[in-house]
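Okay, here's what each chain looks like letter by letter:
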Amino acid sequence: MKIGIIGAMDVEVAHLKEVMQITNTTTVAKQEYCEGKIGEMDVVVVKCGVGKVRAGMSVQVLCDVFHVTHVLNTGVAGSLNNDINVGDVVVSTDAVFHDVNATNFGYAIGEVPSLGKVFFESDTYLRKLAKEAVEKAAPEVSVYEGRVTTGDQFICEKDKKNWIKDTFNAECVEMEGCAIAEAAYLNDIPFVIIRAISDKADEETVVSYEEFEGKAAVHCAKIVEYMISNMHE
Ligand code: ADE
């Protein structure tokens, strides 16, 4: 087993880089990959950058260059569900792109043309481990399992938020998860997305995001650390 851990921003991977024993650091396509161990587990941690293209690319590099067997995505997200508050954690059941629309040609909304897929399903074993990790490592927050939606847009308007929520029946919105999911699907490796909520994806978002981004990101990374420390071959 070798686990690739992807975060978009420094703040999402900094804690993991601090606690892992780094044996090697390599730059590929302007992304820095840190190889090493968390506990007994071989891991590769990468800050991929914000957005779908670099997120997908990072999975390909993790597969081709580092031969990872599983992929985890850690980070923050905007909540689409009034019950899911800042600080709570969403573990993906599956992921969908909210900004993919080829309905003109008869595809379903969100369907990736020529792939025949709208939803990319997360691995059930990784989901179970992630949920247990939140319950044990962060009992003070609520953990929700549900759909994650992804696009190259920061969502901070109620109308757009409600459209995404109603169209895709999703729990949170972010900017990398489904790209990681699609690339994992194409490479036949299991994935899960674990996101701590930094904001509610509405007009209050920018203030909330700036206040909670750091806390939520480190919190999520600590959950991933706990999860990896308790993973066995
Ligand atoms: N990541 C965290 N909050 C987000 C939001 N509101 N929209 C997109 N990505 C996010």
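Below you will find a few notes about this structure. (Residues numbered from 1 in each chain as written. Predicted model: local features only at pLDDT ≥ 70, side-chain atom pairs only at ≥ 80, totals over all residues. Heavy atoms only, no water.)

Remarks on the overall build of the chain
Okay, so step 1: Scanning the chain from terminus to terminus reveals 6 helices and 10 strands.
Okay, so step 2: Compactness check: the chain gives a C-alpha radius of gyration of 16 Å against a globular reference of 17 Å for 233 residues, within 12% of the reference.
Okay, so step 3: Here the chain has roughly 10,100 Å² of accessible surface; of this, 49% comes from carbon and sulfur atoms.
Okay, so step 4: Averaging the coordinates of the 21 positive side-chain charges in the chain and doing the same for the 37 negative ones gives two points 1 Å apart. (Helix = DSSP H or I, 4+ residues; strand = E, 2+ residues; numbered from the N terminus. Rg over C-alpha atoms; globule rule 2.2 N^0.38 Å. Areas by Shrake-Rupley, 256 points an atom, 1.4 Å probe, with all protein chains shown as cover. Lys, Arg positive; Asp, Glu negative; His and termini not counted. Charge placed at Lys NZ, Arg CZ, Asp CG, Glu CD.)

Looking at the packing of helix H2 (residues 52-64) against helix H5 (residues 177-186)
Okay, so step 1: Between H2 and H5, the least distance of the axes is 8 Å, while the angle of their chain directions is 35°. The handedness of the crossing between H2 and H5 comes out as right-handed. Between H2 and H5, the contacting residues are Lys52, Ala55, Gly56 and Val59 on the first element and Ala179, Ile180, Ala183 and Ala184 on the second.
Okay, so step 2: Taken together, the residues of the contact of H2 with H5 sort by class into 6 nonpolar, 1 polar and 1 charged. (Axes fitted to C-alpha atoms, helices over the stretch in contact; angles between N-to-C directions. Left-handed = near helix turned anticlockwise from the far one by under 90°. Contact = heavy atoms within 4.5 Å. Nonpolar A, V, L, I, M, F, W, Y, C, P; charged D, E, K, R; others polar.)

Comments concerning the site of the ligand
Okay, so step 1: Near the ligand you find 13 residues, and of these Gly78, Phe154, Ile155, Glu174 and Asp199 are the closest.
Okay, so step 2: At 2.8 Å, a backbone N or O of Ile155 approaches a nitrogen atom of the ligand.
Okay, so step 3: Of all the secondary-structure elements, those providing two or more residues to the shell around the ligand are strand S5 (70-79), strand S9 (172-174) and strand S10 (191-199).
Okay, so step 4: Broken down by element, the residue count for the shell around the ligand peaks at 3 residues, all from S5.
Okay, so step 5: Of the residues in the shell around the ligand, the class split is 8 nonpolar, 3 polar and 2 charged. (Near = heavy atom within 4 Å. Polar contact = N/O pair within 3.5 Å; in protein donor to acceptor, adjacent residues only side chain to side chain.)

Looking at the environment of Val44
Okay, so step 1: Its location among the elements puts Val44 in strand S4 (residues 41-47).
Okay, so step 2: As a C-alpha pair, Val44 and Ile22 span 22 residues in sequence and 9.0 Å in three-dimensional space.
Okay, so step 3: Residues contacting Val44, with those up to four places away along its chain left out, are Lys2, Ile3, Gly4, Ile5, Tyr33, Cys34, Glu35, Leu62, Phe66 and Val68.

Overview of the pattern of salt bridges
Okay, so step 1: Counting across every chain of the model gives 11 salt bridges.
Okay, so step 2: Of the charged contacts in the structure, one is a salt bridge between Lys47 and Asp10, with a shortest N-O distance of 3.7 Å. Remark: Asp10 occurs in helix H1 (residues 10-19) and Lys47 occurs in strand S4; sequence separation between them is 37 residues.
Okay, so step 3: The class for Asp10 is partly exposed, based on a relative accessible area of 47%.
Okay, so step 4: In this structure, the salt-bridge partner of Lys128 is Glu132, at a minimum N-O distance of 3.5 Å. Taken together, the residues Lys128 and Glu132, both in helix H3 (residues 124-137) and 4 residues apart, mark about one turn of the helix. (Salt bridge = Lys/Arg side-chain N within 4 Å of Asp/Glu carboxyl O. Buried < 20%, exposed > 50% of the residue type's maximum accessible area, 1.4 Å probe, protein only.)

A few points about the environment of Ala184
Okay, so step 1: Counting through the fold element by element, Ala184 comes out in helix H5.
Okay, so step 2: Overall, the relative accessible area of 0% leaves Ala184 in the buried class.
Okay, so step 3: Sequence-wise, Ala184 and Ser122 are 62 residues apart; in three dimensions their C-alpha atoms are separated by 9.6 Å.
Okay, so step 4: Residue contacts for Ala184: discarding those within four places in its chain leaves Val59, Ile189 and Phe191.

A short note on the pairing of S10
Okay, so step 1: A large share of S10 lies buried, amounting to 9 of its 9 residues.
Okay, so step 2: Of the strand pairs in this sheet, S5 and S10 are connected by 8 bridges, and their pairing is parallel. In the sheet register, Thr74 faces S10, and the bridge partner there is Ile194.
Okay, so step 3: Bridge count for strand S6 (residues 89-97) against S10 is 3 bridges, and the pairing is antiparallel. The partner of Val91 across the bridge, within S10, is Ile194. (Pairing = 2+ DSSP bridges.)

Some words on the nonpolar core
Okay, so step 1: Ile5, Val43, Met227 and Ile228 are the most contacted members of the largest nonpolar core, which totals 70 residues.
Okay, so step 2: With 9 residues, helix H6 (residues 205-229) is the largest single contributor of residues to this core.
Okay, so step 3: Filtering out sequence-adjacent residues up to four positions away, Met227 remains in contact with Leu72, Leu126, Leu129, Ala130, Ala133, Val192 and Ile194.
Okay, so step 4: Among the nonpolar cores identified, the runner-up in size contains 9 residues, and Leu80, Ile155, Ala170 and Ala201 belong to it. (Core = buried A, V, L, I, M, F, W, Y, C linked by side-chain atoms within 4.5 Å.)

What to know about the packing of aromatic side chains
Okay, so step 1: Going through the model one piece at a time under the given rule, you end up with 5 aromatic pairs.
Okay, so step 2: Measuring from centroid to centroid gives 5.8 Å for Trp163 and Phe168, while their planes differ by 85°, and the two rings are edge-to-face.
Okay, so step 3: By relative accessible area, Trp163 is classed as partly exposed at 37%.
Okay, so step 4: A residue is classified by how much of its surface remains accessible, and Phe168, at 2% relative accessible area, is buried. (Phe/Tyr/Trp six-rings, centres within 6.5 Å; stacked < 30°, edge-to-face > 60°.)

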